[in-house]
Amino acid sequence: MPKFAHISDCHLGAHRDPILQKLELEAFDKALTKCIEEEVDFIIISGDLFHSNIPDMGVVNLAVKKMREVRDKGIPIYVIYGSHDYSPNKTSIVDILDSAGLFNKIVKGKVENGKLKLEFTQDPKTNAKLVGISARKIGIEEKYFEILDRTSLEKEEGFKIFVFHSALTEFKPDFLARMASIPISYLPKGFDYYAGGHIHKRIEESLPGYGRIVYPGPLFAGYPRDLEQSARGEKRGFYIVSFNEKVEKVEFIEIKICDYLFFDYDASNKNSSLVQRELIQKIKDLDVKDKIVLLRVKGELSGGKTSDINFSQIRKILMEKGALHININRFGLTSREYTSLKVMGEDIHEIESKLLKESIGTVKVSIDSLKGEKGAHLAFELLNALRQEQKPNESKKDYEERVLTQAIEVLKLTEVFE
Amino acid sequence: MEEIEVVGQVVGGKVASILVREKSGKKLELGDLLVTEEDGVLHILQVYDLKYGSQVPQSVRELLAGLKLEGYGAGLTFLEPKLRNYVIAEVKAIARVEGKNITIPKTLPSFFSSIRRIRKEDLAFLTKPKHPIYLGKVRSGSKILDVDVYVDGLEVLKHHIVIPATTGRGKSNLVKVMLWSILGQKNFGILVLDPHDEYYGRHGKGLKDHPKAKDNLLYYSSTPPAGANTLVINLRSIAPWHFQGIVAFTDAQQDAIRLYYNNFGEDWIENIIRGTEVQGVAPRTLAVLQRKFDTILGVYLDDSGNLQCRNRVFSDTAGMTTTRDIVNALEDGKTVIIDTSRLLDEAELLIGSIIVSEIFYRYQRYKSTGELDSKPVIGVVIEEAPRVLGQEVLASGDNIYSTVAREGRKFKVGLIAITQLTSIIPRTILANMNTKIILGNELATERHAIINSAAQDLSQDDRTIASLDKGEAIVSSNFTKFAVPIKIPLFKDYIETNSTEEEEKTVFVG
């Protein structure tokens, strides 16, 4: 029986920490090795293979080696852009590797009479037909879905797979409630399998009119929150789907590369020195050897500043006890001595996004697109474009040009600067 | 000097019943707006009854009719008939206008003063409020004046609106017009529970065609068209209090629900369906609850022991954020339509209860944290309101809708209650609904209930309300100086002329 693998959100190059970088590549390697062992007929990667459009070349090198091994075994890989590896100026590594024939980017189509007409890519061995829509940087390319010619896609005969990298409103997990999403009604009906990406949680669903809707979640972790979720028991991996004319079996393949330990500490109504003492005492009793340790400290201190707590010392103790990696989340920690902090969130992106939304009202602007949520969203995108780091071996001039070009594109001023 | 076209003259009466002799051929109508003008002061009058007047004794008139009918003299007529036979209009003074000052009249217009029809300029004091809800144009009898009628949405919404009328009088057309004018105004979040799927415009024109719909309108349906959201509510979003006043449970069942909720938190329904044993809950009670939830929510266990949701509107896996998405959208000043046309009454009201509870309690929190002022007013459109606001329903206790009706204005949450049966809504609730948009109603008991709870004295308008044609209405509100007769445009005509930004026009202020 033919079968394919569905992988998503590998986020290769997401981590600067060498240990995490090694683990993310290990997860990728392990997943592709499993695909070879299972003799899948093809692999779908539904976006965010890489964490950025131009990732660290060392990471790319290792990933390419593994993908070439897969390709040499006669297993084609079909990909789409994710929200991270999408490039508005068409210099994504995804395009380069597509051109090099390492994999096949399946988003093909054109706009005719205001309708987006997509072309199917047919897998030569199984005759499965794939079609997809990529994501864009930050959020959803809802416009594509709006103008998508669904009828022609729905009429196509055969075993069909729709690949996308968007959160579906109906299946958003609770912790991603504020994430931009599209309703499932935008997807063409009648496909046998909907290969989703972008939501960092494993989801298997179905709704009337639609076949299996599956999000594998990240293979390892794109964000600290993913590590936290893994530490709380969320399994990471990918899917192998067996099919004939219809989907016969959908099997989750767990990729476990390390152990985790999640430790939640509530600092409410304690002063900073008590928190310091208690934390040190508590972590001394933890078995952290060869584990990724996620320490979350939250609550409002009754006295002292958050900076009074020596987290470096806590980190050092954990390292000495053999922890593989330590992530301390203290975004939810506040102090009564500080009243200016108005927003809370689980990661930097969420906090930034909330802060921008909170603050946008205080900026007086006359253009509608700079006001309200639109304005906050634009500011967030601009911030992301401007804070990109220089890549290894990238000249200062190229770096500046890259950042500038992306910032101009975010501001939709390309024509002005041409 | 402009010549006044006199249509009648004051000939007698008293404050609430001024008698006007109609000038022959002027054909005054029930509901006509008339004006007397003296020393720069206008009295706006309204006709509420018409009767014949004659200088000829009744017996003579009857004799003359007999002579004509029986063929004794086809050419017989009265001497100076226009002078001797006429129409007397009973009118009431509804407003006194002195410059920009509008007051309730406390004096009578001068005896024998001339009466003319109202003109657009007489209503120049009506201006468009800052946060307008459009209702229609001023109507004088069956004639329409080119004067737009708006009410100030911020005020009227939080003080609730009731729209009483019998079937076919244009209730939903009115609500569509109102919602169209609100859409895109960020000061309003509107939740529409739509049991007839008639507001979005799935098969024709509707709110989806509004130029600002893309960013400001959300549509949830169990069968959504492309771009709309699937109505799917996660079972974990449902709390025991959401059923209060919606579904009747016995004391034993309520106790059981409380125990399951205490034991399993948000997984309480799942555990009831799965039949998890809880100390203190009799198996029979559990079985009844399982049957009830099967009926209301469509949830049951299949042969393999998996939880299934029959109608797909409730789910144990999907729809985790639906309630929050909807409430966030309302808080962002958007309009959210929930198509409940494929649901049973109880399921529809339950979904409304979940959402309204969430927004109401969230707004309560905002009030306590001082954030409420910056939030939009929330309006909840509820059809067939007696289902949740009826005396019989409320006899077993309050529900979230009645709580909103009583307390919502403190928290900027209001109802737009649509009903055919005003009489079964308790007076205490009706008294809290400060704006009534009264459409035609042939049922005397309903008219009396409406009149008795109106913001203005409509005691003489019984006949006028009975005679309202489709699309004609009277707006009675604490925020209007008088009960304003209006003609509501047909929605399809209205949107043709209002698909772009509206021009400033002379309008009614609320």
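Residues numbered from 1 in each chain as written. Chains lettered and ligands numbered in written order. Predicted model: local features only at pLDDT ≥ 70, side-chain atom pairs only at ≥ 80, totals over all residues.

Bringing the overall build of chain B into the picture now. If you tally the helices and strands in chain B, you get 17 helices and 24 strands. By principal-axis analysis of the C-alpha atoms, chain B measures approximately 95 × 50 × 40 Å. Within the span of chain B, comprising 510 residues, buried residues form 48% of the whole. (Helix = DSSP H or I, 4+ residues; strand = E, 2+ residues; numbered from the N terminus. Buried ≥ 20, exposed ≤ 12 C-beta atoms within 10 Å, placed from the backbone.)

With that out of the way, let us pick up the overall build of chain A. Looking only at helices and strands, chain A has 12 helices and 18 strands in total. Taking the principal axes of its C-alpha atoms as reference, chain A extends roughly 65 × 55 × 50 Å. Relative to its full complement of 418 residues, chain A shows a buried share of 40%. Across chain A, the fraction of contacts at a sequence separation of at least 24, relative to all contacts at a separation of at least 6, is 72%. (Contact = placed C-beta atoms within 7 Å.)

Turning our attention to helix H2 (residues 57–72) of chain A. For an α-helix, the turn length of 3.6 residues means that residues three or four places apart are oriented alike. Residues and elements named next belong to chain A. Across its 16 residues, H2 extends 22 Å between first and last C-alpha, which sits within 8% of the 22 Å expected from 1.5 Å per residue. Of all the residues in H2, the buried ones are Val59, Ala63, Met67 and Val70. Relative to the axis of H2, the buried residues are bounded by an arc of 50° and lie together on one face. Seen from the open side of H2, the exposed residues pointing more than 90 degrees away from its buried face are Gly58, Asn61, Lys65 and Asp72. Trailing H2 by a residue or two, Gly74 shows a phi angle of about 85°, which is positive. (Expected span 1.5 Å × (residues − 1). Arc of directions from axis to C-beta.)

Let's shift gears to the pairing of strand S22 (residues 472–477) of chain B. Residues and elements named next belong to chain B. With six of six residues buried, S22 is to be regarded as a mostly interior element. Across the two faces of S22 the burial is the same, with Glu472, Ile474 and Ser476 and Ala473, Val475 and Ser477 all buried. Bridge analysis of strand S21 (residues 435–439) against S22 gives five bridges, and the strand direction is antiparallel. Looking across to S22, one finds that Ile438 is bridged to Ile474. One ladder, built from four bridges, connects S22 with strand S23 (residues 484–487); its direction is antiparallel. Looking at the pairing, Ala473 lines up with Ile486 of S23. Connecting S22 to the next strand, S23, in antiparallel fashion are six residues. (Pairing = 2+ DSSP bridges.)

Residues and elements named next belong to chain A. The strand order S4-S3-S2-S1-S13-S14 describes an open sheet built from six strands, whose pairing is mixed. On the outer flanks of this sheet lie strand S4 (104–105) and strand S14 (247–254), each paired with one strand and no other. As judged from the four bridges shared by strand S1 (residues 3–7) and strand S2 (residues 42–45), these two strands associate in the parallel manner. In the sheet register, Ala5 faces S2, and the bridge partner there is Ile43.

Once that is clear, we can look at the interface of chain B and chain A. On the chain A side, the residues contacting the 16 residues of chain B number 16 residues. Only strand S13 (229–230) and helix H9 (322–331) of chain B provide two or more residues apiece to the side of chain B that touches chain A. Broken down by class, the residue content of the side of chain B that touches chain A amounts to seven nonpolar, six polar and three charged. (Nonpolar A, V, L, I, M, F, W, Y, C, P; charged D, E, K, R; others polar.)

Moving on: the sheet that holds strand S7 (residues 121–122) of chain A. By definition, the strands of a sheet pair up through backbone hydrogen bonds, in either a parallel or an antiparallel sense. Residues and elements named next belong to chain A. Overall, mixed pairing links the six strands, which are arranged S7-S8-S9-S10-S12-S11 in an open sheet. Across the chains shown, the open sheet's two edge strands, defined by having one partner strand only, are S7 and strand S11 (203–205). Note: strand S10 (residues 193–196) against strand S12 (residues 212–215), three bridges, orientation parallel. Bridge pairing links Tyr194 to Ile213 in S12.

The next thing to look at is the nonpolar core. The biggest cluster of nonpolar side chains holds 249 residues, and the ones touching the most others in it are A:Ile43 and B:Leu135. Setting aside its immediate chain neighbours within four residues, A:Ile43 contacts A:Phe4, A:Ala5, A:Ile7, A:Cys35, A:Val70, A:Ile75 and A:Ile77. (Core = buried A, V, L, I, M, F, W, Y, C linked by C-beta atoms within 7 Å.)

All right, on to the pairing of strand S8 (residues 129–133) of chain A then. Residues and elements named next belong to chain A. Most of S8 is tucked away, with five of its five residues classed as buried. Here S8 shows a buried face lined by Lys129, Val131 and Ile133 and a second buried face lined by Leu130 and Gly132. Of the pairings in the sheet, the one linking S7 to S8 comprises two bridges and is antiparallel in character. Residue pairing across strands places Thr121 opposite Leu130, the latter belonging to S8. The hairpin turn running from S7 into S8, its antiparallel successor, is six residues long, and Asn127 in that turn takes a positive phi close to 70°. Two elements, S8 and strand S9 (residues 160–164), share five bridges in a ladder whose sense is parallel.

Taken domain by domain, chain B holds domain 1 (6–123), domain 2 (132–232 + 319–508) and domain 3 (236–314). Each of domain 1 of chain B and domain 3 of chain B was reduced to a C-alpha centroid, and the two centroids are 67 Å apart. (Domains from an automatic or database assignment.)

All right, on to the environment of B:Gly8 then. All names here are of chain B. Inspection of the secondary structure puts Gly8 in strand S1 (residues 6–14). By C-beta crowding, Gly8 is classed as buried, having 27 other C-beta atoms within 10 Å. Separated by 12 residues in sequence, Gly8 and Val20 place their C-alpha atoms 6.0 Å apart. Sequence-distant contacts of Gly8, that is, excluding residues within four places in its chain, are made with Val20, Arg21, Glu22, Lys23, Lys26, Leu28, Ala89 and Ile115.

Moving on to the packing of helix H7 (residues 272–284) of chain A against helix H8 (residues 311–320) of chain A. Residue and element names in this part refer to chain A. Running from N to C, H7 and H8 point in directions that differ by 10°, and their axes come no closer than 10 Å. If you check the angle between H7 and H8, you find them roughly parallel. Of the residues in H8, those in contact with Leu279, Ile280 and Ile283 of H7 are Ile314, Ile317 and Leu318. Taken together, the residues that form the contact of H7 with H8 break down as six nonpolar, no polar and no charged. (Axes fitted to C-alpha atoms, helices over the stretch in contact; angles between N-to-C directions. Parallel < 35°, antiparallel > 145°, perpendicular 65-115°, else oblique.)

This paragraph deals with unusual backbone geometry. What you tend to see is this: most non-glycine residues have negative phi, and most peptide bonds are trans. Residue and element names in this part refer to chain B. Positive phi values are uncommon outside glycine, yet Phe112 reaches one of about 70°. Here Phe112 shows up in the loop between strand S6 (101–103) and strand S7 (114–117). Residue classification places Phe112 among the exposed positions, given that 10 C-beta atoms sit within 10 Å. Phi at His160 is positive, roughly 70°, even though this residue is not glycine. As for its placement among the helices and strands, His160 is situated in the loop between helix H3 (153–158) and strand S10 (161–164).

On to the packing of helix H9 (residues 348–360) of chain A against helix H10 (residues 372–386) of chain A, then. All names here are of chain A. Packing of H9 against H10 leaves a shortest axis separation of 9 Å and a crossing angle of 135°. Looking at the two axes, H9 sits oblique to H10. Once H9 is placed against H10, the crossing between them reads as right-handed. Listed contacts from H10 to Glu352, Ser353, Leu356, Lys357 and Ile360 of H9 are Gly372, Glu373, Gly375, Ala376, Ala379, Phe380 and Leu383. (Left-handed = near helix turned anticlockwise from the far one by under 90°.)

Once that is clear, we can look at the confidence of the model for chain B. Residue and element names in this part refer to chain B. Considering every residue of chain B, the mean pLDDT works out to 89; 97% of them sit at 70 or more. Long-range and interchain partners of residues 501–510, a stretch whose pLDDT sits below 50, account for 32 contacts in this model, where long-range means more than four residues apart. Across the whole predicted complex the pTM is 0.82, and at the interface the ipTM reaches 0.76. (pLDDT = per-residue confidence, 0-100.)

When the domains of chain A are assigned, the result is domain 1 (3–254), domain 2 (259–341) and domain 3 (350–417). Measuring from the centre of the C-alpha atoms in domain 1 of chain A to the corresponding centre in domain 3 of chain A gives 27 Å.

The next subject is the environment of B:Glu5. All names here are of chain B. Along the chain, the position of Glu5 falls in the segment before S1. When the 11 C-beta atoms within 10 Å are taken as the criterion, Glu5 is described as exposed. Taking the C-alpha atoms as reference points, Glu5 and Lys26, separated by 21 residues in sequence, lie 9.9 Å from one another.

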